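Results of the structural survey
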Amino acid sequence: MRLILLPSYTPSQRRRFLFRITVVTLTILFLLHEIESLYTRKLSTHSLFSKPISKPLSGFWPTFAPLLAAAKPQCDPPRLIQNAPGRNYYTDPVQSGEELLDLTRLNGSEIDSLKHSHSWFLSQILAKNAPKLDFKPNTNGIVTSAGGFFFPPALVAIRMLRRTGSTLPVEVFLADESEYEPLICEKILPALNARCVILTTLLSSSPVPFKFEVYQLKIMAILFSSFQNVLFLDADNFPARNPDELFTTAPFRKATRAGGHEMNDVGETGAGSGMVLWPDFWVCTISPLFLAVINSTEKSSHQPPRLAINASTLLNRPTTESGQLLVDKSIHTSTLLLAAYYNVYGPIYYKLFTQGGMGEGDKETFPTAALVLGKPFYTVRSPVWPIGVSGNGGAALIQAHPGEDWASSEGKAAKPLFIHASWWPKLNAARYFANRRQWGSKEEQIEAFGWDVEAVARGEMVDMACDKGIRFEDWVDKVEIEDRHVLGADAEVRLMEGGICGRAKGTFRRMFGWEYDREEIERISL
C-alpha cells in the first residue's frame, strides 16, 4: 500500500489548518441541522417553494412504516380460477347454509406464511407500545383525495358541500408533489376552508420506502388527516344535505333516547360505534382462504378478543361501498392500522376479499379489519340505490342518512344524503357531454333531496369552466390534446371562451332545456 506524504507545516500553519477544518465542519453540521429543522419544526402552511407542509412531520409514520415493512407477506398473490360473479344482495339474497365461493388458490406454505405475517402484525398493533395516530383531539373534518383528473370533480363536490351550509374543514390529499397545483391549493381551496396535503411530504419522516396509489390513498389520507373524527368522501361524492350533525348523533355517537338495534352476529352495533359504513349492491365474495389465514393457531398474548368469523358472519351482510366512510380514529386506531396493512398489500388481500368480484379494491378492508379485531361498527341498512341513466357518466349512487336509517323501523328506507357520481367521466366539465338529465327528472330530484341537485351541480361545472380565475392542469392538457393545433397561439384564451366553457354551457342547455344562468342556479339552490 502506498503512503501519501503530506507536506510539513509549521505549528502556526497547523493551527490555522485545523481551525479552517473545524469551521468548515461546524458549518456543514449547522446547514444539515437547518435542513432537518425545515422539515421537522412547525412551519406555516407553505414551504419556501409554496408547497403545503400542513403540519410537522408525523411521529406516527416512523413507528408504523417499519412494522408494515417487517410484516410483508412472503408469497405471491393468490391465483384465481375465475372471477367471482356479481350477485345482488337485495334481489338474490343468501340462503341459509350457503358457503363462501372458493375461487382462489394458495399452497400450504403460502397460507402458513400469510398466517405468520398477519398474526405478527396483529400482535404489534395491539401491543401497549403500538403506533399512535397523530390528530387534534375532538376535531371533525372531511377528507378526500384528488389530483389530476380528479381535481375538477373534487372542487365541484366541495362547492356543493358548502351549499348545504356545512362549515366542516376539508383536507384534500395529493399523492405527491406532481399533483400539486398552486392556483387550486393556495387560492381556490383556502377560500372554501379546504387545503391540500401532499402525502409524500408526510411519508418522508421515515426512511422505509413506500409509494401509495389508487385505492391505497384513501386509508393513508384517513390515517394522516389532522382530524380525530373523519368523514371520508371520494372526490366525486358530495352530500345533498348538511352532514355536520353526523359527528354528534347516532349511530356515530351514543343516542340520548332508545332506538336503533344492538350488537348482532355480524359485528354491527347501534349507537356509539365510532364507525359508520354504507352498503354496496353485492353479496360478499371473500375467500375461505382468508378464514384460514386469520384463524391462526399461533399463540399470542395480543390476540384480539374475538376472531369468530365464519361464512355466515360474512354472507349475512352486503359488501361495502366506500365512497363515504365515517370514523373516530381514537376508537378505531387498530381497525385503521389493520385496514392499512390490507391495503398496502392489496395485490394479496384484495384478491382474498373479493376474488376478482365487483368493485375489487379498498372497500372490504374496513369492515373486515373491524370484524377481525372485534370492533363495533354500524352498516347503514337502507340499500344503496342507483339514479338516472347509466352510461356516458350519467348514473350516480345515492346513500341514506345514517341517523334516519338507525332510527327508522326495519324495511323503511331513510332519505338520501350522499350522491356518489362515480360513473365516468364523473363531474369533470372538460370531458362531460350529455343530451338529457342524468339523475332523474326535476320532480324526482326535489322529492328525493328537496332541491334540484343535478341542475345546481351541473351549474357549478359550467361556472368553473367559464371562470377565468379557475384553471386545472387537467384542462391545460385538454388544450394540448384537442385544441392547440386548431386554435393556435391563443388556444388557452379561446378555449376558455369557446372550448370547455362553450361545451359546458351547451351540455347544460341540452340537459335542462334552458340557458345556464347563475342567478337562476342560486334561486333553485338550498
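Keep in mind that what you see is a predicted model, and the values were worked out from it rather than measured.

**Some details on the sheet that holds strand E13 (residues 385-387)**
With respect to topology, four strands assemble into an open sheet ordered E7-E15-E14-E13, the strand pairing being antiparallel. Across the chains shown, the open sheet's two edge strands, defined by having one partner strand only, are strand E7 (237-239) and E13. Between one strand axis and the next, the sheet turns through 30° on average, direction left out of account. Across three bridges, the pairing between E13 and strand E14 (residues 396-400) is antiparallel. In the strand pairing of E14, Pro386 is matched with Leu397.

**Concerning the pattern of salt bridges**
Oppositely charged side chains are able to pair whenever their charged atoms sit close together. With the rule as written, the count across this model stands at 27 salt bridges. Among the ionic pairs, Arg163 bridges to Glu460, the shortest N-O distance being 2.6 Å. Taken together, the residues Arg163 in helix H4 (residues 151-163) and Glu460 in helix H15 (residues 453-466) connect sequence positions 297 residues apart. Looking at Glu460, the relative accessible area reads 2%, which means it is buried. Salt-bridge contacts for Glu364 lead to Lys363; the nearest nitrogen and oxygen are separated by 3.4 Å. One salt-bridge network, held together by shared partners, links Arg159, Arg163, Glu460, Asp463, Arg518 and Glu522.

**What to know about the packing of aromatic side chains**
Going through the model one piece at a time under the given rule, you end up with 31 aromatic pairs. Look at Trp61 and Phe210: their rings are 5.9 Å apart centre to centre, the planes differ by 70°, and that puts the pair in the edge-to-face class. On the criterion of sequence distance, the pair formed by Trp61 in helix H2 (residues 60-70) and Phe210 in the loop between helix H6 (199-203) and helix H7 (216-224) is long-range, its members being 149 residues apart. With a relative accessible area of 22%, Phe210 lands in the partly exposed category. Relative to Tyr349, the ring of Phe290 has its centre 6.3 Å away and its plane inclined at 85°; by these criteria the two rings are edge-to-face. Separated by 59 residues along the polypeptide, Phe290 in helix H8 (residues 288-294) and Tyr349 in helix H11 (residues 346-354) bring together distant segments of the chain. Overall, the relative accessible area of 1% leaves Phe290 in the buried class. The class of Tyr349 is buried, set by a relative accessible area of 0%. The ring of Trp439 carries Arg458 above its face, with NZ or CZ at 4.6 Å from the centroid.

**A word on the confidence of the model for the protein**
It should be kept in mind that the predicted coordinates are not to be read in detail where pLDDT is low. In the predicted model, the protein carries a mean pLDDT of 83, and the fraction of residues at 70 or more is 77%. Across residues 1-6, confidence stays below pLDDT 50; counting only partners more than four residues off in sequence or on other chains, it has zero contacts. Scored below 50 in pLDDT, residues 477-491 shows 17 contacts in the model against residues more than four places distant or in partner chains.

Cut-offs used in this document
Residues numbered from 1 in each chain as written. Predicted model: local features only at pLDDT ≥ 70, side-chain atom pairs only at ≥ 80, totals over all residues. Heavy atoms only, no water. Pairing = 2+ DSSP bridges. Helix = DSSP H or I, 4+ residues; strand = E, 2+ residues; numbered from the N terminus. Axes fitted to C-alpha atoms, helices over the stretch in contact; angles between N-to-C directions. Salt bridge = Lys/Arg side-chain N within 4 Å of Asp/Glu carboxyl O. Buried < 20%, exposed > 50% of the residue type's maximum accessible area, 1.4 Å probe, protein only. Phe/Tyr/Trp six-rings, centres within 6.5 Å; stacked < 30°, edge-to-face > 60°. Lys NZ or Arg CZ within 6 Å of the ring centre and 35° of its normal. pLDDT = per-residue confidence, 0-100. Contact = heavy atoms within 4.5 Å.

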